[in-house]
Amino acid sequence: LGPDLKSFSFAFKSTFPLQGKGLKHPSAVAGVFGATSRHHGKGEVRVDLAKRCMYLRSEASNVSAGIPGVESQIIFRGDRGVLYAYTKVGRDFEQCWNINVAEAVPPPTDSGEQPNPFAKAKLLPETFAVIGHEGKPAKSAVLQLSQTKWVQLYIIDGTTLSAINIEDVAHGSSIGVIVDGWDAAPVDGGWFEPGESWNCQNIQIVEEAQQAAHWDLLQVFFPQHQGPAVQRRRLVSV
């Protein structure tokens, strides 16, 4: 996660909420994954910081009694000011969106490049063993997104992101992400184009989406105005 980071990709498993109304604060991610009152997902992320592009695919199963599964794909093209989104619910419903995010998520620099989003994270003294990483010690770092939302990163050997927790105090909830296969190699540009598998009969056009600036992953990987990172209470021991 050094200053020269230009691109990265990884697979993930997510759990949400980690905490919130009616939920006890977990002592370990192992306990979180065993909780039946929480939702679980999996997927992959690919990011090109220089071109301000992101591809996200996520899957959630057993969402409810009537919805066995949901698949989502999101492509953020900061260079075009557009976000493409695809959702498939069950076997029969598919929907595509083309969303204008030029004003909601503008380039943070005159050159149009996105600086390393992890550069301003504050390293904390705690060390953790993250599930799925053979017990290797991970350092914790905190990145503040706003006055009520921050990210806790778990980093192995200073170069490998192993887990992410996003805590939103305003809504009393957290999301936990276990990272697998962290790779800082360049990402092929083909990932940032809508796929041929997006079989949508019609595309919903959204002319302006200011709320896009508050979407969690866009805030983490493409922050607009980063305030100084501050030490918060520990979110979850992983």
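Up top you'll find the structure we're talking about.
Structure report, in brief.

The rules behind the values
- Residues numbered from 1 in each chain as written.
- Predicted model: local features only at pLDDT ≥ 70, side-chain atom pairs only at ≥ 80, totals over all residues.
- Heavy atoms only, no water.
- Helix = DSSP H or I, 4+ residues; strand = E, 2+ residues; numbered from the N terminus.
- Buried < 20%, exposed > 50% of the residue type's maximum accessible area, 1.4 Å probe, protein only.
- Areas by Shrake-Rupley, 256 points an atom, 1.4 Å probe, with all protein chains shown as cover.
- Polar contact = N/O pair within 3.5 Å; in protein donor to acceptor, adjacent residues only side chain to side chain.
- Phe/Tyr/Trp six-rings, centres within 6.5 Å; stacked < 30°, edge-to-face > 60°.
- Contact = heavy atoms within 4.5 Å.
- Salt bridge = Lys/Arg side-chain N within 4 Å of Asp/Glu carboxyl O.

Right, let's talk about the overall build of the protein chain for a bit. Each helix and strand counted, the protein chain has 2 helices and 12 strands in total. For the protein chain, the α and β elements follow one another from N to C terminus as β-α-β-β-β-β-β-β-β-β-β-β-β-α. Taken across its 238 residues, the protein chain has 43% of its residues classed as buried. By element, 52% of the accessible surface of the protein chain is carried by carbon and sulfur atoms, the whole surface being about 12,200 Å².

Despite not being glycine, R52 shows a phi value in the positive range, around 60°. Located in the positive-phi region is E134, a residue other than glycine, with phi close to 55°. Tracing the backbone through its elements, the reader meets E134 in the loop between strand 7 (122-129) and strand 8 (137-144). In this structure E134 comes out as exposed when scored by relative accessible area, which is 75%.

On the secondary structure map, N165 appears in strand 10 (residues 160-168). N165 sits in the buried class, given a relative accessible area of 1%. Reaching out from N165, the side chain makes a polar contact with the side chain of Y154 at a distance of 3.5 Å.

For any pair of aromatic rings, geometry is given as the distance between the ring centres together with the angle between the planes. In total, this model carries 12 aromatic pairs according to the counting rule given. Aromatic side chains F118 and F221 sit 6.2 Å apart centroid to centroid with 80° between the ring planes, which places their arrangement in the edge-to-face category. Taken together, the positions of F118 in the loop between strand 6 (93-100) and strand 7 and F221 in helix 2 (residues 216-221) put the pair 103 residues apart, joining distant regions of the chain. With respect to burial, F118 and F221 carry one shared label: buried. Between F128 and Y154, the ring centres sit 5.2 Å apart and the planes meet at 85°, which makes this aromatic pair edge-to-face. Note that F128 is positioned in strand 7 and Y154 in strand 9 (residues 149-156), a separation of 26 residues in sequence.

Here L153 shows up in strand 9. On the accessibility criterion, L153 (1% relative accessible area) is buried. In this structure, the C-alpha to C-alpha distance between L153 and K139, residues 14 residues apart in sequence, is 8.0 Å. Once you skip the residues sitting within four places of it in the chain, L153 turns out to touch F118, A121, K139, S140, A141, L161, A163 and I164.

This next bit is on the side chain of Q95. Mapped onto the secondary structure, Q95 falls in strand 6. Beyond its immediate chain neighbours, meaning those up to four positions away, Q95 contacts A85, Y86, T87, C200, N202 and Q204.

What follows concerns the environment of Q95. Assessed through its relative accessible area of 11%, Q95 is described here as buried. Residues Q95 and A85 lie 10 residues apart in sequence; the distance between their C-alpha atoms is 8.2 Å.

A few words now on the pattern of salt bridges. On inspection of all chains with the given rule, the structure shows 7 salt bridges. The closest approach of N and O atoms between R77 and D79, which form a salt bridge, is 2.7 Å. What makes R77 buried here is its relative accessible area of 9%. A cluster of three or more residues bridged by salt bridges with shared partners is formed by E44, R46, R57 and E59.

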